[in-house]
Amino acid sequence: MALSAKKLQEVMKEKRRRDKLPPRPVIVEPLSLTLKPRELSRITERCSIVLLAIETTLVQSARELSQVDDLVVKQALASLIRQTPTTDEPAASVVSMLDAKRATLAVSDEDWIDSLRAICNSVIQHSKSNAGSFSYLTHARAFLIKARAL
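Conventions and cut-offs
- Residues numbered from 1 in each chain as written.
- Predicted model: local features only at pLDDT ≥ 70, side-chain atom pairs only at ≥ 80, totals over all residues.
- Heavy atoms only, no water.
- Helix = DSSP H or I, 4+ residues; strand = E, 2+ residues; numbered from the N terminus.
- Rg over C-alpha atoms; globule rule 2.2 N^0.38 Å.
- Buried < 20%, exposed > 50% of the residue type's maximum accessible area, 1.4 Å probe, protein only.
- Contact = heavy atoms within 4.5 Å.
- Areas by Shrake-Rupley, 256 points an atom, 1.4 Å probe, with all protein chains shown as cover.
- Lys, Arg positive; Asp, Glu negative; His and termini not counted.
- Charge placed at Lys NZ, Arg CZ, Asp CG, Glu CD.
- Salt bridge = Lys/Arg side-chain N within 4 Å of Asp/Glu carboxyl O.
- Core = buried A, V, L, I, M, F, W, Y, C linked by side-chain atoms within 4.5 Å.
- Expected span 1.5 Å × (residues − 1).
- Axes fitted to C-alpha atoms, helices over the stretch in contact; angles between N-to-C directions.
- Left-handed = near helix turned anticlockwise from the far one by under 90°.
- Nonpolar A, V, L, I, M, F, W, Y, C, P; charged D, E, K, R; others polar.
- Polar contact = N/O pair within 3.5 Å; in protein donor to acceptor, adjacent residues only side chain to side chain.

A. Fine view of the overall build of the protein. Counting secondary structure elements, the protein contains 7 helices and 0 strands. Written out in order from the N terminus, the α and β elements of the protein read α-α-α-α-α-α-α. For 150 residues, the compact-globule estimate of 2.2 N^0.38 gives 15 Å, and the C-alpha radius of gyration of the protein, at 23 Å, exceeds that figure by more than 25%. With the C-alpha coordinates of the protein rotated into their principal frame, the extents come out at 80 × 35 × 30 Å. Across the 150 residues in the protein, those meeting the buried criterion constitute 35%. The contacts of the protein with a sequence gap of at least 6 include a subset with a gap of at least 24, amounting to 72%. Summing over all exposed atoms, the protein offers an accessible surface of approximately 10100 Å²; the carbon and sulfur share of this is 57%. Counting 23 positive and 17 negative side-chain charges, the protein places the averaged centre of each group 10 Å from the other.

What follows is the structure, encoded as structure tokens:
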């Protein structure tokens, strides 16, 4: 179906107008804090030592710093996953402890981020992430005690 000359002229005029517009900015979605179930099981199988090290560090940070609760843990993990600075002092302390732990592990950047996302998935699942909530940290302590008993 051919366009009439008038309609073709209108279409070309609209195309030239759109071509003159500045390019639209590219909006980058922030990296998701959680994993899909298939990704989660893949990371759990491949990076179990890294996951255990992260959870151990988080539980240790809660023991050392009284301000660390589930909300602080989630903020610290989100900061590391999205590679953004955190303004919350307890979360910044947790970030520095996790960075120090990462330096001792031989793990790729992709596996590290995926492991953090897996732990963040657990935080979201086991906690309401409210200030003063310790549901995730209690769960993580129980898991680590059980893991050491095996």
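B. Seen up close, the pattern of salt bridges. All told, the structure shown has 6 salt bridges when counted by the stated rule. Here Arg18 and Glu14 are joined by a salt bridge, their closest N and O atoms 3.7 Å apart. In this pair, Arg18 and Glu14 both sit in helix H1 (residues 5-20), 4 residues apart, roughly one turn of the helix. What makes Arg18 partly exposed here is its relative accessible area of 47%. The partner of Asp109 in a salt bridge is Arg102, with the nearest N and O atoms 2.4 Å apart.

C. Seen up close, the nonpolar core. Membership of the largest hydrophobic core comes to 34 residues, with the highest contact counts inside it found for Leu58 and Leu77. At the level of elements, helix H3 (48-64), helix H4 (70-82), helix H5 (89-104), helix H6 (109-126) and helix H7 (135-149) are the ones that each hand at least two residues to this core. Setting aside residues no more than four positions away along its own chain, Leu77 makes contact with Leu58, Leu98, Leu116, Ile119, Cys120 and Val123.

D. Looking closely at H6. The end-to-end C-alpha distance of H6, which contains 18 residues, comes to 26 Å, matching closely the 26 Å that a straight helix rising 1.5 Å per residue would cover. Where burial is concerned, most of H6 is hidden: 13 out of the 18 residues are buried.

E. Local environment of the packing of helix H2 (residues 37-46) against H6. Between H2 and H6, the least distance of the axes is 10 Å, while the angle of their chain directions is 115°. The handedness of the crossing between H2 and H6 comes out as left-handed. Mapping the contact onto sequence places Glu39, Leu40, Arg42, Ile43 and Arg46 in H2 and Asp111, Asp114, Ser115, Arg117, Ala118 and Asn121 in H6. A class-by-class count of the residues in the contact of H2 with H6 yields 3 nonpolar, 2 polar and 6 charged.

F. Representation of the environment of Cys47 in the model. Assignment of secondary structure puts Cys47 in the loop between H2 and H3. Exposure remark for Cys47: the relative accessible area of 4% places this residue in the buried category. Separated by 67 residues in the primary sequence, Cys47 and Asp114 have C-alpha atoms spaced 9.0 Å apart.

G. Fine view of the environment of Val94. Structurally, Val94 is set in helix H5. Assessed through its relative accessible area of 1%, Val94 is described here as buried. If we ignore the near neighbours within four places in the chain, the residues touching Val94 are Leu58, Ser61, Val68, Val72 and Ala76.

H. Quick look at the side chain of Thr57. Within the secondary structure layout, Thr57 lies in helix H3. From its side chain, Thr57 meets the backbone oxygen of Ala53 in a polar contact 2.8 Å long. Beyond its immediate stretch of four places on either side in the chain, Thr57 contacts Met97, Leu98 and Lys101.

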